[in-house]
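Working through the structure, step by step
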Amino acid sequence: MIYLILFYKFLLVGLFSFGGGYTAIALIKESMQGFADIGDGLLSDLIAISEMTPGPVAINMATFFGTKTGGPIGALIATFAISLPAFIIIILYIKYLKKYENSSLIKSIYTTVRPACFAIILSVGIVLLIENMSLNEMGTIDGKAIMILIIIILADTIYAVRTKKNLPTIPLILFGGLFGFMVGTIK
Amino acid sequence: MLLKLFSKFFKIGLFTFGGGYAMISIVKDEFVSKEKYVSDEEFMNLIAVAEATPGPIAINMATYIGYKVKGMIGAIVATIGVVLPSLIIIYIISLFIIEVLKIKVVTDIFIGISIAVAYIIIRTALSLMRKEMTISDNKIITSIVFLAVLIIALLTDFLSININVIFLIFASIILGIIIYFVNKCCRKNGGENSTGNGSGSKENINGSKEVTR
C-alpha cells in the first residue's frame, strides 16, 4: 500500500515540476511533509544532501524519501514515478510535435523562450552562489567561500587563456571539492 | 552504440552535482562538443523543451538525446543510465547520512563542490546566452526578454515569492506568439519592422494596405 502512495505522490511531482529539479524540491517538500515519520529537520537535511551528492537533485530526493519510507523498493518506485511523466512527454514531443519546430510560428516562440530559459538558469546559479557565500545565519559573508570562488575563477581563467576553451565541467567540479578541502584546512 | 549511450549517461549521472543545470554543461561537453550528436542550435532548443516540460531536466535531456540517437530503446537506456548512479549512491548514503555529515572533511568538500556548481551554472547560462545573441535575428527582443526574466526570477527568489517557473516560460511563449503575428502584419506593410524570421514566408494574397499602428 505504501508503494502505491509513494508512486502516486512522486508521479504528481514529476508531472508538475516544470523547469527542473529546484521546482521539484518545493513540491517534494510539500508532498513529504507529515508523510511517514520524517521530521522537518531531517527534511531540510535530506534536501541539502540531495543537492550536494551526485545525480540529479530530483532523483536524489526521490531515492532518499523512497528509501526512508519504503526501503530499496520504495526508492525504485519513487524514482520511476518521478521520471515517468517527463519520459512520456518528451517522447510524445519528439514523435509528434518536433516536426513543427521549423514552422515560423514555433521558431518565433523559440526565440523568446530560449532567452527566458537561460535567464532562469542564470538566476538559479546566482542564487546558489549567494547562498554559498553567506553561510552564517547573520548574513555575513563567508570568507572561506569567497576564497574558494576566487580560486575557481582563477583556475578557469588561466585554463581558458592557455587553451582557448573552458575548463570542462567534471574536472572543475572535482577541483571545487579539492579547493573546498584545502581551504577547509586553513585556520 | 547502446552501451556507449548508457555509459555516457551513467557518467553524466555520476558527476551531476547540484542538479540538472550543472548537467547541461556536462551534456554539452559529451554530446555537442565531443561527439556532435546534437548541433548547438538543437541543443539550445532541447534546453528550452526540457525547461518547459515537467520533470527533472536530467530526465528530459536523457530521454530526448537517447531517443534521437537510438529511438525508444535509446531513450530508455539513456534515462536508466542517468538515474542509476543516483539510485545506488543515494541508497548507500541514506543508510548512514547522519554520520557522514558529521565528518568535517566531507562538508568542506561539499561546500567546494557547491560553489563550483554555482559557478558552472552561471558560466553555462552566460555562454548559452552569448550563442543566442549570435544567432538571434532580433537582438533587442532577445536581450529584453533575457533581462526581464532574469530580474523577475531574482526578485522572486530574494523576496521568497514562490512563482512556478512555468509562468515565466508561459509568458515568453505568449510573447513569441505575439511577435509572430506582429511580424506577419508588418510584412504586409513593407517589412520594415520584420525580425527576419525568413522561413517559409507565405505570400500575402490580400495585400491590404491600411494597417493602423
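Computed from a predicted model, the values in this text were never measured in an experiment.

1. Comments concerning the overall build of chain A
- Along chain A, the regular secondary structure elements total seven helices and zero strands.
- Along chain A, from the amino end to the carboxyl end, the secondary structure elements read α-α-α-α-α-α-α.
- Burial status across chain A gives 52% buried among its 187 residues.
- Here the analysis covers contacts within chain A between residues at least 6 apart in sequence; of these, 49% occur between residues at least 24 apart.

2. Topic: the nonpolar core
- With 113 residues, the main nonpolar core has Phe10(A), Phe9(B) and Phe43(B) as its most contacted residues.
- Looking at this core element by element, the count peaks at 17 residues for helix 4 (residues 57-97) of chain A.
- In contact with Phe9(B), other than residues within four places in its own chain, are Met23(B), Phe31(B), Met61(B), Ala62(B), Ile65(B), Ala78(B), Gly81(B) and Val82(B).

3. Here we look at helix 4 (residues 57-94) of chain B
- Taking 1.5 Å of rise per residue, the 38 residues of helix 4 of chain B would be expected to cover 56 Å, yet its terminal C-alpha atoms sit only 23 Å apart, more than 12% below that figure.
- Along helix 4 of chain B, the helix axis deviates most sharply at Lys70(B), where the bend reaches about 145°.

4. Description of the confidence of the model for chain B
All names here are of chain B.
- When the pLDDT values of chain B are averaged, the result is 80; 86% of them are 70 or greater.
- Mean pLDDT per element in chain B: helix 5 (residues 97-102) is the minimum at 72, and helix 4 is the maximum at 90.
- Per the prediction output, this complex has pTM 0.76; the corresponding ipTM is 0.79.

5. So, the interface of chain A and chain B
- Facing the 91 residues of chain A at the interface are 98 residues of chain B.
- A salt bridge links Asp156(A) to Arg123(B); its shortest N-O distance comes to 2.9 Å.
- In this assembly, chain A and chain B are joined by 14 residue pairs in polar contact (both at pLDDT 80 or more).
- Mapped by element, the contributors of at least two residues to the side of chain A that touches chain B are helix 1 (2-16), helix 2 (21-32), helix 3 (40-52), helix 4, helix 5 (104-133), helix 6 (143-163) and helix 7 (169-184) of chain A.
- Examining the composition of the side of chain A that touches chain B, we find that 28 residues originate from one element, helix 5 of chain A, more than from any other.
- Residues that form the side of chain A that touches chain B fall into these classes: 57 nonpolar, 26 polar and eight charged.

6. Digging into the confidence of the model for chain A
- Mean pLDDT over chain A: 83, with 89% of residues reaching 70 or higher.
- When pLDDT is averaged over each element of chain A, helix 4 of chain A comes out on top at 90 and helix 3 of chain A at the bottom at 71.

7. Brief notes about the pattern of salt bridges
All names here are of chain B.
- With the rule as written, the count across this model stands at seven salt bridges over all chains.
- Of the charged contacts in the structure, one is a salt bridge between Asp40 and Lys131, with a shortest N-O distance of 3.8 Å. Here Asp40 is found in helix 3 (residues 40-52), whereas its partner Lys131 is found in helix 6 (residues 104-135), with 91 residues between them in sequence.
- According to the relative accessible area criterion, Lys131 is partly exposed, its value standing at 32%.
- Close ionic contact of Asp108 with Lys104 constitutes a salt bridge, the shortest N to O distance being 2.8 Å. With Asp108 and Lys104 both in helix 6, this residue pair falls four residues apart, about one helical turn.
- Salt bridges sharing partners connect three or more residues here, namely Lys8, Lys11 and Glu30.

8. Examining a nonpolar patch on the surface
- Taken together, the side chains of Ile130(A), Leu147(B), Ile151(B), Leu155(B), Phe158(B) and Leu159(B) define a hydrophobic patch exposed on the protein surface, amounting to about 580 Å² of accessible area.
- It is helix 7 (residues 139-158) of chain B that provides the largest number of residues to the nonpolar patch, a total of four residues.
- Along the chain, Leu155(B) falls in helix 7.
- Taking the relative accessible area as the measure of exposure, Leu155(B) reaches 47% and is therefore partly exposed.

9. Observations concerning the packing of helix 6 of chain B against helix 7 of chain B
Residue and element names in this part refer to chain B.
- Contact geometry for helix 6 and helix 7: axes closest at 9 Å, N-to-C directions at 155°. Relative to helix 7, the element helix 6 lies roughly antiparallel. As for the relative orientation of helix 6 and helix 7, their crossing is right-handed in sense. Across the interface between the two elements, Met129, Glu132, Met133 and Thr134 from helix 6 touch Lys139, Thr142, Ser143 and Phe146 from helix 7.
- Grouping the amino acids of the contact of helix 6 with helix 7 by side-chain chemistry returns three nonpolar, three polar and two charged.

About the criteria used
- Residues numbered from 1 in each chain as written.
- Chains lettered and ligands numbered in written order.
- Predicted model: local features only at pLDDT ≥ 70, side-chain atom pairs only at ≥ 80, totals over all residues.
- Heavy atoms only, no water.
- Helix = DSSP H or I, 4+ residues; strand = E, 2+ residues; numbered from the N terminus.
- Buried < 20%, exposed > 50% of the residue type's maximum accessible area, 1.4 Å probe, protein only.
- Contact = heavy atoms within 4.5 Å.
- Core = buried A, V, L, I, M, F, W, Y, C linked by side-chain atoms within 4.5 Å.
- Expected span 1.5 Å × (residues − 1).
- Bend = angle between axes of the 7 residues up to and from the residue.
- pLDDT = per-residue confidence, 0-100.
- Salt bridge = Lys/Arg side-chain N within 4 Å of Asp/Glu carboxyl O.
- Polar contact = N/O pair within 3.5 Å; in protein donor to acceptor, adjacent residues only side chain to side chain.
- Nonpolar A, V, L, I, M, F, W, Y, C, P; charged D, E, K, R; others polar.
- Patch = residues over 30% accessible without salt bridge, like charges linked within 9 Å, V, L, I, M, F, W, Y side chains within 5 Å.
- Areas by Shrake-Rupley, 256 points an atom, 1.4 Å probe, with all protein chains shown as cover.
- Axes fitted to C-alpha atoms, helices over the stretch in contact; angles between N-to-C directions.
- Parallel < 35°, antiparallel > 145°, perpendicular 65-115°, else oblique.
- Left-handed = near helix turned anticlockwise from the far one by under 90°.

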